[in-house]
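Listed here are the chains, written in short residue letters.
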Amino acid sequence: MKTINDFNFKNKRALIRVDFNVPLDDSFNVTDDTRIQSAKPTITKILEDGGSCVLMSHLGRPKGVQSEFSLKHIVNNVEDIIGVKVAFADNCVGEATESLAENLKPGQVLLLENLRFHEEEKKGDQGFSEQLSRLGDIYINDAFGTAHRAHASTTVVAQFFENTKCFGHLLAQEIDSIKKVMETGEKPVLAVLGGAKVSSKITIIENILDKVDHLIIGGGMTFTFIKAQGGNIGDSICEDDKMELALDILKQAKAKNVSIHLPIDVLAADAFSNDANTEVMDVMQIKDGWQGLDAGPKSKANFHDVVMKCKTILWNGPLGVFEMENFSNGTIELGNSIAGATSNGAFSLVGGGDSVAAVKQFGFKDKVSYVSTGGGAMLESLEGKTLPGIAAILD
Ligand code: AMP
């Protein structure tokens, strides 16, 4: 696996696919610059080597050229974060842009306009990819968030760089973290899967049963498993058409010697509302008119014990409706347990959508080993798929 550390960038122009798809407010101010911060180590290494950087990214989902999706809005943020003046090319391809790129001196940085202003980007168009390839001597993919897309800048462009392509620091870190959980993790290995639906996690569960010793299933997914085993789940969220599958997963887990831990009790509510009345109930005996919205005390204690005895931990999905304060405690306590296990030496990876939001919101970001920057890319990796953006560099 080639990374930026395998190259010296002196007098070289690096064409870097970064993920600068950052949230903007109505006045086009960046409200969360994590993604720009995450790209900094790669950019800094190249500049320190004596190279120059051409940065390319998408922003949002524009339909053609729409100025509200222009990357010019973030130029100042990029400058502040990397500490270098950033030039801006108002088209990501074309003669004028090629000339800006060619004239870059060592230590200089050029940011290209939104790739998705050209529909060829998402189509993975060959001609467009070739045009992009003219902008650099070495191609670097550092955008994990789009590594599961076979777009021009994430995948197709790589074919124009035979021995001059590599992973950026961020993408290499993401790949290493997933490997540490899925392949080389110290045992016992635990996956915690929460979130709303079995259907969105089914391929992950099936893939992961071959990798883990323990699997905690929490959140809304719980109730499909409980109902399938004859429990009364009241008004809790459930996918009836996935009950057979749930039973099959339990059977597969047994055959593979994986211990599955479901909640024992839940904090049930009489409405889907933060102000609802609440009561702790046995997970198999939730009263009619009530729904389980968070883990109960016995569940939390059991999950804590499981987490503390594991050496490798993957966490995807909240254990309850954490967006409502009164149902966030199961997720917070799980975060505390994982933070504790991590400080005892376990490796912990948090990835995929809402669990990342939860670790940030509740302050666990620096207490776990790694927080993934990719939502869909992370989920597809956990499903066991080889991401096209990664395959293109390995080719
Ligand atoms: P996912 O995107 O599949 O990880 O699901 C995350 C969502 O699951 C969050 O918005 C949670 O509010 C929701 N969720 C977690 N537990 C429950 C539950 N017991 N009932 C309903 N929704 C839940």
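Provided above is the structure to which this section pertains.
Scope of this entry: the structure provided in the associated data block. (Residues numbered from 1 in each chain as written. Predicted model: local features only at pLDDT ≥ 70, side-chain atom pairs only at ≥ 80, totals over all residues. Heavy atoms only, no water.)

## Focus: the nonpolar core
Note that soluble globular proteins tend to have their nonpolar side chains buried in a common cluster.
Then comes step 1: Ranked by internal contacts, the top residues of the largest apolar core, which has 61 residues, are L132 and L215.
Then comes step 2: With seven residues, helix α6 (residues 169–182) is the largest single contributor of residues to this core.
Then comes step 3: The residues contacting L132, other than those within four sequence positions of it, are L15, M56, C92, V93, L115, A152, S153 and V157.
Then comes step 4: I36, L55, V78 and I82 belong to the second-largest nonpolar core, a separate cluster that totals 29 residues. (Core = buried A, V, L, I, M, F, W, Y, C linked by side-chain atoms within 4.5 Å. Buried < 20%, exposed > 50% of the residue type's maximum accessible area, 1.4 Å probe, protein only. Helix = DSSP H or I, 4+ residues; strand = E, 2+ residues; numbered from the N terminus. Contact = heavy atoms within 4.5 Å.)

## Regarding the site of the ligand
Then comes step 1: Near the ligand, the surroundings consist of 15 residues, among which A196, K201, G292, E323 and D354 are the closest.
Then comes step 2: Contact distances for the ligand include 3.1 Å between a nitrogen atom and a backbone N or O atom of G220.
Then comes step 3: In this structure, G292 approaches the ligand through a main-chain N or O atom, which is 3.0 Å from a nitrogen atom.
Then comes step 4: Protein coverage of the free-state accessible area of the ligand, which is 510 Å², stands at 80%.
Then comes step 5: For the shell around the ligand, a count of residues per class yields six nonpolar, six polar and three charged. (Near = heavy atom within 4 Å. Polar contact = N/O pair within 3.5 Å; in protein donor to acceptor, adjacent residues only side chain to side chain. Areas by Shrake-Rupley, 256 points an atom, 1.4 Å probe, with all protein chains shown as cover. Nonpolar A, V, L, I, M, F, W, Y, C, P; charged D, E, K, R; others polar.)

## Some points on the pairing of strand β4 (residues 109–112)
Note on strand geometry: in a regular strand, side chains alternate between the two faces of the sheet.
Then comes step 1: Of the two faces of β4, both are covered, the one formed by V109 and L111 as well as the one formed by L110 and L112.
Then comes step 2: With three bridges connecting them, strand β2 (residues 52–56) and β4 associate as parallel partners. Paired with L55 across the bridge in β4 is L111.
Then comes step 3: Across four bridges, strand β3 (residues 86–89) lies against β4 in parallel orientation. Looking across to β4, one finds that F88 is bridged to L111.
Then comes step 4: The handedness of the β3 to β4 crossover, carried by helix α3 (residues 95–102), is right-handed. (Pairing = 2+ DSSP bridges. Right-handed = clockwise from strand over helix to strand, strands pointing away.)

The values reported here are purely geometric and, on their own, carry no functional implication.
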